[in-house]
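Listed here are the chains, written in short residue letters.
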Amino acid sequence: MPDFTERFRQYSNSDLLKIIDSPDDYEPSAVETAKTLLASHQLSDHAMAIAKAELAVLNQAKDAKDQKKKGLELSMKKVGASILSTVNPIQTQKPTLNPGFCVFWHAGQFKLLRSQ
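**Here's the deal with the packing of aromatic side chains**
Geometry of an aromatic ring pair is reported as the spacing of the ring centres plus the angle between the planes. The tally for this structure, following the rule as stated, stands at 2 aromatic pairs. Aromatic side chains Phe4 and Phe8 sit 5.3 Å apart centroid to centroid with 20 degrees between the ring planes, which places their arrangement in the stacked category. The class of Phe8 is buried, set by a relative accessible area of 3%. Aromatic rings pair up to connect Phe4, Phe8 and Tyr11 into one cluster.

**Examining the nonpolar core**
Core analysis: the largest hydrophobic core is formed by 13 residues, its most contacted members being Phe8, Leu16, Leu17, Ile19, Ala34 and Leu38. Aside from chain neighbours lying at most four places away, what touches Ile19 is Phe8, Tyr11, Tyr26, Ala30, Val31 and Ala34.

**Concerning the pattern of salt bridges**
Under the counting rule described, the total for this entry stands at 3 salt bridges. Here Glu6 makes a salt bridge to Arg9, at a shortest N to O gap of 3.3 Å. Note on accessibility: Glu6 and Arg9 belong to one class, exposed. With a closest N to O distance of 3.3 Å, Asp66 and Lys62 form a salt bridge. Of this pair, Asp66 and Lys62 both sit in helix H4 (residues 45-87), 4 residues apart, which is roughly one turn of the helix.

**Brief notes about helix H3 (residues 28-40)**
Look at H3: 18 Å from first C-alpha to last across 13 residues, which is about the 18 Å you get at 1.5 Å a residue. Turning to H3, its buried residues number three or more, namely Ser29, Ala30, Val31, Thr33, Ala34, Leu37 and Leu38. Those residues of H3 that are buried lie in contact with helix H1 (5-8), helix H2 (13-21) and H4. A positive phi of about 50 degrees marks Gln42, the residue just after H3.

**Focus on a nonpolar patch on the surface**
Taken together, Val79, Ile83 and Val87 make up a surface patch of nonpolar side chains, about 290 Å² in accessible area. Tracing the chain through its elements places Ile83 in helix H4.

**Regarding the packing of H2 against H4**
Viewed as axis vectors pointing N to C, H2 and H4 meet at an angle of 70 degrees, and their least axial separation amounts to 8 Å. As summarised for this structure, H2 and H4 are arranged roughly perpendicular, according to the angle between their axes. In contact with Asn13, Ser14, Leu17, Lys18 and Asp21 of H2, H4 contributes Met48, Ala51, Lys52, Glu54, Leu55 and Leu58. Residues of the contact of H2 with H4, tallied by class, amount to 5 nonpolar, 2 polar and 4 charged.

**A word on the environment of Ser44**
Secondary-structure assignment places Ser44 in the loop between H3 and H4. For Ser44, a relative accessible area of 43% translates into the label partly exposed. Only 3.2 Å separates the side chain of Ser44 from the backbone nitrogen of Ala47, close enough to count as a polar contact.

**Comments concerning the packing of H2 against H3**
Packing of H2 against H3 leaves a shortest axis separation of 9 Å and a crossing angle of 140 degrees. By the criterion of interaxial angle, the relationship of H2 to H3 is oblique. Every pair of crossing elements has a handedness; the one defined by H2 and H3 is left-handed. Contacts from Asn13, Leu16, Leu17, Ile19 and Ile20 of H2 reach H3 at Ala30, Val31, Ala34, Lys35, Leu37 and Leu38. In the contact of H2 with H3, the residues fall into 9 nonpolar, 1 polar and 1 charged.

Criteria and thresholds
Residue positions are given per chain, counting from 1 as you read along its sequence in written order. Reporting of local features is limited, given that this is a predicted model, to residues whose pLDDT is at least 70; pairs of side-chain atoms are given and counted only at 80 or more, and all residues count toward the totals for whole chains, interfaces and linings. Hydrogens are left out, water is left out, and the side-chain values use all remaining heavy atoms of the structure. Two aromatic rings, drawn from Phe, Tyr or Trp (for Trp, its six-membered ring), form a pair once their centres lie within 6.5 Å of each other, and the interplanar angle then sorts them: stacked below 30 degrees, edge-to-face above 60, tilted otherwise. Each residue is assigned to one of three classes by its accessible area relative to the maximum for its type, calculated with a 1.4 Å probe on protein chains only: buried under 20%, partly exposed between the two thresholds, exposed over 50%. Within this scheme, the nonpolar core is defined by two criteria: the residues are buried Ala, Val, Leu, Ile, Met, Phe, Trp, Tyr or Cys, and they are joined through side-chain atoms within 4.5 Å. Contacts are assigned to residue pairs that have any heavy atoms within 4.5 Å of one another. The rule for a salt bridge is simple: a side-chain nitrogen of Lys or Arg has to be within 4 Å of a carboxyl oxygen of Asp or Glu. Only DSSP runs of H or I covering at least 4 residues are called helices, and only runs of E covering at least 2 are called strands; the numbering of each starts at the N terminus. To estimate the expected span of a helix, subtract one from its residue number and multiply by 1.5 Å. Distance thresholds for patches are 9 Å for like charges and 5 Å for nonpolar side chains (Val, Leu, Ile, Met, Phe, Trp, Tyr), applied to residues having over 30% relative accessible area and no salt bridge. Residue burial considers only the protein chains on display, and all accessible areas are found by Shrake-Rupley using a 1.4 Å probe. Where helices are involved, their axes are fitted lines through C-alpha atoms of the stretch in contact, as for all axes, and angles between N-to-C directions lie from 0 to 180°. In what follows, roughly perpendicular refers to angles from 65 to 115 degrees, roughly parallel to angles under 35, roughly antiparallel to angles over 145, and oblique to any angle outside these ranges. Here the nonpolar group is Ala, Val, Leu, Ile, Met, Phe, Trp, Tyr, Cys and Pro; Asp, Glu, Lys and Arg are the charged ones; every other residue, Gly included, is treated as polar. A 3.5 Å cut-off defines polar contacts: any pair of N or O atoms within that distance qualifies, except that in protein one atom must be a possible hydrogen donor and the other a possible acceptor, and neighbouring residues in sequence count only when both atoms are side-chain atoms. Crossings are classed by handedness, with left-handed meaning an anticlockwise turn of the near helix from the far one by less than a right angle and right-handed meaning a clockwise turn.

Set out below in structure tokens:
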């Protein structure tokens with residue numbers, strides 16, 4: 001089991017809060033180490049509020065980046081679908097013959113038969 005104490009000593013209070021608030025993303029020993037180190041900092045209520053505000057800003061920035069990425073992915077999917085439908089269109093209806101073409105084709109066949 002890795003010892004996170006040395007690594008986490010350099011982490012900011014908001015970084016430690018991030019670990020504590022996302023226990024599913026970290027090993028249990030990492031979460032416990034973060035709790036222990038944050039408690040050892042003996043933060044005042046004001047300092048804890050600042051750390052939570054910093055964490056909220058980081059989370060908002062991450063959410064904005066994720067939304068931008070999803071928007072870009074959606075745009076790329078639309079462009080790809082558009083290109084694909086142009087190159088290889090999928091017909092949703094049964095093809096129909098143009099009656100004018102049928103008459104023209106039959107007339108051409110009739111001419112060929114007469115000339116033979």
